[in-house]
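Chain by chain, the residues:
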Amino acid sequence: MPSAPTANLINALALCLLPIWAYLESPEPSLTAFIPLCFGVALLLCHPGVKAENKVVAHIAVLLTLVVFVALFMPLSSRLDGSDPLGLARVVVMMLTSLVAMVAFIGSFRAARKARETSAQ
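To start, this report covers the structure provided alongside it. Quick caveat: nothing in here was measured; it's all calculated off a predicted structure.

What follows is about the packing of helix H2 (residues 35-51) against helix H3 (residues 55-71). Interaxial distance between H2 and H3 falls to 9 Å at its minimum, and their mutual angle equals 155°. In terms of orientation, H2 lies roughly antiparallel with respect to H3. The way H2 lies across H3 gives a crossing that is left-handed. Between H2 and H3, the contacting residues are Phe39, Ala42, Leu43, Cys46, Gly49 and Val50 on the first element and Val57, Ala58, Ile60, Ala61, Leu64, Thr65, Val67 and Val68 on the second. Among the residues forming the contact of H2 with H3, the class breakdown is 12 nonpolar, 2 polar and no charged.

Time to look at helix H5 (residues 85-120). Residues three or four positions apart in an α-helix share a direction because the helix packs 3.6 residues into each turn. Given a rise of 1.5 Å per residue, 36 residues ought to cover 52 Å, and the 52 Å separating the end C-alpha atoms of H5 matches this to within 8%. Taken residue by residue, H5 has Gly87, Arg90, Val91, Met94, Met95, Thr97, Ser98, Ala101, Met102, Ala104 and Phe105 as its buried positions. As for H5, its buried residues are in contact with helix H1 (4-25), H2, H3 and helix H4 (73-79).

So, how was this worked out
Residues numbered from 1 in each chain as written. Predicted model: local features only at pLDDT ≥ 70, side-chain atom pairs only at ≥ 80, totals over all residues. Heavy atoms only, no water. Axes fitted to C-alpha atoms, helices over the stretch in contact; angles between N-to-C directions. Helix = DSSP H or I, 4+ residues; strand = E, 2+ residues; numbered from the N terminus. Parallel < 35°, antiparallel > 145°, perpendicular 65-115°, else oblique. Left-handed = near helix turned anticlockwise from the far one by under 90°. Contact = heavy atoms within 4.5 Å. Nonpolar A, V, L, I, M, F, W, Y, C, P; charged D, E, K, R; others polar. Expected span 1.5 Å × (residues − 1). Buried < 20%, exposed > 50% of the residue type's maximum accessible area, 1.4 Å probe, protein only.

Spelled out as structure tokens, the structure:
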């Protein structure tokens with residue numbers, strides 16, 4: 001499992017690059033393709049704070065990651081008909097990177113809590 005900063009960076013890059021690809025590749029491009037891009041940029045802006053183990057920034061990044069993960073279920077359901085396999089793959093990759101980032105954040109939070117409890121004893 002990657003560290004929380006690494007998982008956040010990979011997720012942010014996926015959320016930035018894949019929507020651009022989708023927009024450029026689409027025969028009927030829509031500006032809604034850029035919604036994950038906005039979340040990716042926000043997560044990129046959070047990356048220095050996550051890397052510095054700033055709790056507030058890390059929690060903001062987790063919230064953004066959770067929101068984008070849940071929001072991606074709508075495009076996933078519209079791609080399940082099989083007419084756009086590359087679109088389905090892009091959405092699945094964005095969901096997977098978001099899920100991995102969530103797991104990494106949770107693991108990081110648990111390790112930090114355990115370290116605090118150990119140092120308090």
